[in-house]
Amino acid sequence: MSGDFLTVTDLHAGYGDARVLHGVDLAVGRGEICAILGPNGAGKTTLLRALSGMVRVRGGVRLDGTALAGRPPDALARLGVAHVPEGRGTFTPLTVEENLRLGAFTRRDRDGIEADLERVCAYFPVLRARLGQVAGSLSGGEQQMLAIGRALMLRPRLLLLDEPSLGLAPLVTAELFRIVRTVNEQERTTVVVVEQNAHLALDVAHRAHVLESGRIVLSGSAARLRADEQVARSYLGYR
Ligand code: ATP
């Protein structure tokens, strides 16, 4: 981990008059997996939307020194920000391969795209076996893998994952998180993951932040947060 790759300073965001984020400050190191924990309605999804340009923001967001705040989603995608939204957002009538190729929409390097298709299929062998199948016919876990695979086709510098475990069986989720960790280790992709399952999130993450009512109330290494009494009581279900 070297220095801060993503820095968020006094970030405010919301929907119309509804203010949701009230001055979020956080930093994520290059190559780190950072988990965002917090109760329902805390603003976790809104934070990811703010980072990928899907909601209007006030405040500072910098990725490797480049100011991101205020740029539209396609510009942020070109800067390497890939967002896998809650509910996955795969194009269900399109095939797995078509979905994956759409993930490379910002790119013109044909050979690189073919190589990355191969790379994604190596991470997710289940997708290779279903390249010609329409996405709508996949299981929930396979669709989540497709959504992450599609995001990887962007060659992201920052991968945002919103509730990847939602609705999935524990074994499928464990496999998914194992793959996310492998991608992070092999490609040094920086990851911000919002996750209700705090056990899982703290297992996979290096660092974590707790968001409550639109503000970060606790930050630290995953090990430190796991040992924190308040986190244990509120999010890990013991003590
Ligand atoms: P959850 O875990 O329940 O998804 P969250 O921490 O991700 O919660 P958000 O989804 O960011 O929280 O929601 C924060 C607040 O913003 C909530 O009060 C929610 O009702 C509101 N909100 C979310 N999306 C919209 C929207 N499109 N329009 C208006 N308000 C919204």
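Details of the structure are given in the entry above.
These numbers come from a predicted model, not from an experiment.

Engineer: Sorry, what's going on with the environment of Val24 here?
Structural biologist: Relative to the elements of secondary structure, Val24 occurs in strand S2 (residues 18–30). The residues contacting Val24, other than those within four sequence positions of it, are Val8, Thr9, Asp10, Leu11, Leu47, Leu211, Gly214 and Ile216.

Engineer: Would you explain the side chain of Thr189 in this entry?
Structural biologist: With respect to the helices, strands and loops of the structure, Thr189 is situated in the loop between helix H7 (170–187) and strand S8 (190–194). Here Thr189 falls in the buried class, since its relative accessible area comes to 5%. With near-sequence residues (within four places) excluded, Thr189 lies in contact with Gly31, Glu32, Pro156, Arg157, Leu159, Val183 and Asn184.

Engineer: Please explain the site of the ligand as it appears in this structure.
Structural biologist: Gly41, Gly43, Lys44, Thr45 and Thr46 are the nearest of the 13 residues found near the ligand. Between the ligand and Ala42, the relevant distance is 3.1 Å, taken from an oxygen atom to a main-chain nitrogen or oxygen of the residue. One of the backbone nitrogen or oxygen atoms of Thr45 is found 2.8 Å away from an oxygen atom of the ligand. Here the element with the most residues in the shell around the ligand is helix H1 (residues 44–51); it accounts for 4 residues. Residue composition of the shell around the ligand, by class: 4 nonpolar, 6 polar and 3 charged.

Engineer: I would appreciate a short explanation of the environment of Leu168 in the present structure.
Structural biologist: Along the chain, the position of Leu168 falls in the loop between strand S7 (158–162) and H7. A relative accessible area of 14% places Leu168 in the buried class. A sequence separation of 29 residues divides Leu168 from Ser139, and the C-alpha atoms of the two residues are 9.4 Å apart. For Leu168, the residues in contact, after removing those within four places along its chain, are Arg88, Gly140, Gly141, Gln144, Thr173 and Leu176.

Engineer: What is the right way to read the side chain of Gln144 from this model?
Structural biologist: Here Gln144 shows up in helix H6 (residues 140–152). We classify Gln144 as buried; its relative accessible area is 2%. A polar contact is formed between the side chain of Gln144 and the backbone oxygen of Pro164, at a distance of 3.1 Å. Excluding residues within four positions of it along the chain, Gln144 makes contact with Val84, Arg88, Glu163, Pro164, Leu168 and Leu176.

Engineer: Honestly, the sheet that holds S7 in this entry has me stumped. Any pointers?
Structural biologist: The pairing of strands in a sheet happens through backbone hydrogen bonds and is either parallel or antiparallel. Taken in spatial order, the 6 strands make up an open sheet running S6-S7-S8-S3-S9-S10, and their pairing is mixed. Bordering the open sheet on either side are strand S6 (81–84) and strand S10 (215–221), each of which pairs with just one other strand. Between one strand and the next, the sheet's axes are offset by a mean angle of 15°, whatever the strand orientation. Here strand S3 (residues 33–37) pairs with strand S9 (residues 207–212) via 4 bridges, running parallel. Among the inter-strand pairings, Cys34 is bridged to a residue of S9, identified as Arg207. Relative to the sheet, H6 contacts S6 and S7, its axis offset from that of S6 by approximately 170°.

The rules behind each value
Residues numbered from 1 in each chain as written. Predicted model: local features only at pLDDT ≥ 70, side-chain atom pairs only at ≥ 80, totals over all residues. Heavy atoms only, no water. Helix = DSSP H or I, 4+ residues; strand = E, 2+ residues; numbered from the N terminus. Contact = heavy atoms within 4.5 Å. Buried < 20%, exposed > 50% of the residue type's maximum accessible area, 1.4 Å probe, protein only. Near = heavy atom within 4 Å. Polar contact = N/O pair within 3.5 Å; in protein donor to acceptor, adjacent residues only side chain to side chain. Nonpolar A, V, L, I, M, F, W, Y, C, P; charged D, E, K, R; others polar. Pairing = 2+ DSSP bridges. Axes fitted to C-alpha atoms, helices over the stretch in contact; angles between N-to-C directions.

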